[in-house]
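Architecture at a glance
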Amino acid sequence: MTGIVTDFKRFAVHDGDGIRTTVFLKGCPLRCLWCHNPESLVRQPQIAYLQERCISCGACAGECPNGAHDIGAKGHLFDRTHCTGCGACVSVCPARALRLYGREMTVEEVLAVVREDRIFYGTTGGMTLSGGEPMAQPEFTAALLAAAKAEGLNTALDTCGDVPKPLFEAIAADVDCFLYDIKHMDRERHRALTGRPNDRILDNYRYLVARGCRIEVRIPLVPGCNDDPTALNGIAAFLASAPPERVKLLPYHSYGQGKYEAMALTYGGRELVPPSAEQLLAAADRLRRFGLNVEVG
Ligand code: SF4
Ligand code: SF4
């Protein structure tokens, strides 16, 4: 059983309870305008190329079996259409101008990384699966969660919720806490902002609440997208009808923009601006008026 892993984050303190190792899995059904993890959107391995670091040495061109790199009169040209994501060029680049996102790993290989910091997890920390959407690789995610639980690791799943319900039914018993994204209650507005309607997301949320799962709802606060009173009242009323343990309000930021450029992707959030401290606190206050336990992330 193997999956495609984008990255690990060790000593994570914002991805669930305690100190955790977050495993980022590749692939996601949504395309949120503000996404700061473009390296996690598709399941296939991808190369990021930082042109400003390149010294045009040609080492990558010598290593690539597909001729994706070329050093000519105009310097280094990288033709992504020839790249299969094998990663061979990354290890020979002396300037660290290339980075591979997406490595095939077994369940045991991932757990070996997670175990390295077990001493720091205490009674509350553990492993968090994030993405992308971990359940875009459902068999691997299920196997990883089951194996982690079998050896007594605390597990959290950071999910966009937009997957078939049977996938949640299959893994729910192996998840100690869900980190569950809610972005907008209006179906068509949700589709415009994320590329998908919200029906399954809301339905799966209700299912997990009814099942008695521990849930931290995460709301990305994105000015101009979901920070108006109508949008916030709608989310708050929905959550008040089936309250999670806590709600975390996450302010939009544009830190991921450089990754889009390095991967030759278009960033859809160029016009977006982060919320001010006042906007963030006002949004938190509005949610609290519905009796929700709100933290600002
Ligand atoms: S990842 Fe592999 S195929 Fe892609 S450019 Fe590098 S060496 Fe070539
Ligand atoms: S190996 Fe690195 S520094 Fe050399 S040409 Fe390729 S990307 Fe540029």
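Residues numbered from 1 in each chain as written. Chains lettered and ligands numbered in written order. Predicted model: local features only at pLDDT ≥ 70, side-chain atom pairs only at ≥ 80, totals over all residues. Heavy atoms only, no water.

In the vicinity of ligand 2, 14 residues are found, and the nearest of them are C54, C57, G58, C60 and C93. Here the shell around ligand 2 is built from residues that sort into eleven nonpolar, three polar and no charged. (Near = heavy atom within 4 Å. Nonpolar A, V, L, I, M, F, W, Y, C, P; charged D, E, K, R; others polar.)

On the surface, F11, I119 and F120 cluster together into a nonpolar patch covering about 350 Å² of accessible area. Structurally, I119 is set in helix α4 (residues 118–121). (Patch = residues over 30% accessible without salt bridge, like charges linked within 9 Å, V, L, I, M, F, W, Y side chains within 5 Å. Areas by Shrake-Rupley, 256 points an atom, 1.4 Å probe, with all protein chains shown as cover. Salt bridge = Lys/Arg side-chain N within 4 Å of Asp/Glu carboxyl O. Helix = DSSP H or I, 4+ residues; strand = E, 2+ residues; numbered from the N terminus.)

So, on to the packing of helix α9 (residues 229–241) against helix α11 (residues 277–288). Close contact between α9 and α11 brings their axes to 9 Å; oriented N to C, the two are set at 40°. In terms of orientation, α9 lies oblique with respect to α11. Helix-helix and strand crossings are classified by hand; for α9 and α11 the assignment is right-handed. Touching P229, L232, N233 and A236 of α9 are A283, R286 and L287, all from α11. Grouping the constituent residues of the contact of α9 with α11 by class yields five nonpolar, one polar and one charged. (Axes fitted to C-alpha atoms, helices over the stretch in contact; angles between N-to-C directions. Parallel < 35°, antiparallel > 145°, perpendicular 65-115°, else oblique. Left-handed = near helix turned anticlockwise from the far one by under 90°. Contact = heavy atoms within 4.5 Å.)

What follows is about the sheet that holds strand β9 (residues 154–159). Pairing within the open sheet is mixed, and its nine strands lie in the order β7-β1-β2-β8-β9-β10-β11-β12-β13. The open sheet is flanked by β7 (103–106) and β13 (294–296), the only strands paired with a single partner. On average, adjacent strands in this sheet sit at an angle of 30° to one another, irrespective of strand direction. Here strand β12 (residues 246–251) pairs with β13 via three bridges, running parallel. Paired with L249 across the two strands is V296, which belongs to β13. Together, β11 (215–221), β12 and β13 form the strand contacts of α11, whose direction differs from that of β12 by roughly 160°. (Pairing = 2+ DSSP bridges.)

Another point: the pairing of strand β1 (residues 2–12). Pairing geometry for β1 and β7, over four bridges, is antiparallel. Note that in β7 the partner of G3 across the bridge is M105.

On to the site of ligand 1. The environment of ligand 1 is formed by 14 residues, the closest being C64, C83, C86, G87 and C89. A per-class count over the shell around ligand 1 returns nine nonpolar, five polar and no charged.

The peptide bond linking G131 to G132 adopts the cis configuration, its omega dihedral lying at 5°. Within the secondary structure, G132 sits in the loop between β8 (126–130) and α5 (138–150). Of note in the backbone geometry, R96 takes a positive phi value of approximately 50° without being a glycine. Structurally, R96 can be placed in the loop between α2 (88–92) and β6 (98–101).

This model, assessed by the stated rule, comprises 23 salt bridges. Residues D7 and R99 are paired through a salt bridge, measuring 2.8 Å at the closest nitrogen-oxygen approach. With a gap of 92 residues between them, D7 in strand β1 and R99 in strand β6 connect regions that are remote in the sequence. Of the charged contacts, one joins R118 and E151 as a salt bridge, the two residues approaching to 3.6 Å between their closest N and O atoms. Here R118, found in helix α4, pairs with E151, found in the loop between α5 and β9; they are 33 residues apart in sequence, far enough to count as distant. One network of salt bridges, with partners in common, ties together D17, R214, E216, R218, E245 and R246.

Right, let's get into the environment of M1. Looking at the element boundaries, M1 is found in the segment before β1. Linking M1 and S254, residues 253 residues apart in sequence, is a C-alpha distance of 35 Å. Discounting chain neighbours no more than four positions away, the residues touching M1 are M105, T106, V107, E139, F140 and A143.

With respect to the secondary-structure elements, G85 resides in the loop between β5 (75–78) and α2. Taking C-alpha positions, G85 is 34 Å from Y121, a pair spaced 36 residues apart along the chain. When neighbours within four sequence positions are excluded, G85 is seen to be in contact with P45 and L100.

What follows covers the domain arrangement of the protein. How big an interface is tends to be expressed through the accessible area that disappears when the partners come together. Domain boundaries assigned for the protein yield domain 1 (2–43 + 105–292) and domain 2 (46–101). The C-alpha-based centres of domain 1 and domain 2 are spaced at 32 Å. Taken residue by residue, the interface counts ten residues in domain 1 and eight residues in domain 2. Roughly 740 Å² is buried in total at the junction of domain 1 and domain 2, and carbon and sulfur atoms are behind 56% of that figure. (Domains from an automatic or database assignment. Buried area = accessible area lost by both parts, 1.4 Å probe.)

Centre distance and the angle of the planes are the two values used to describe a pair of aromatic rings. Counted according to the given criterion, the structure contains seven aromatic pairs. Geometrically, the ring pair formed by Y205 and F238 is tilted, given 5.4 Å between the ring centres and 50° between the ring planes. With Y205 in helix α8 (residues 199–210) and F238 in helix α9, the pair connects residues that are 33 residues apart, well separated along the chain. Like F238, Y205 is buried. Pairing Y260 with Y267 gives two aromatic rings, centres 4.7 Å apart and planes at 50°, and the pair type is tilted. Overall, the relative accessible area of 5% leaves Y260 in the buried class. Three or more aromatic residues link up through ring pairs in this structure, and these residues are F168, F178, Y180, Y205 and F238. (Phe/Tyr/Trp six-rings, centres within 6.5 Å; stacked < 30°, edge-to-face > 60°. Buried < 20%, exposed > 50% of the residue type's maximum accessible area, 1.4 Å probe, protein only.)

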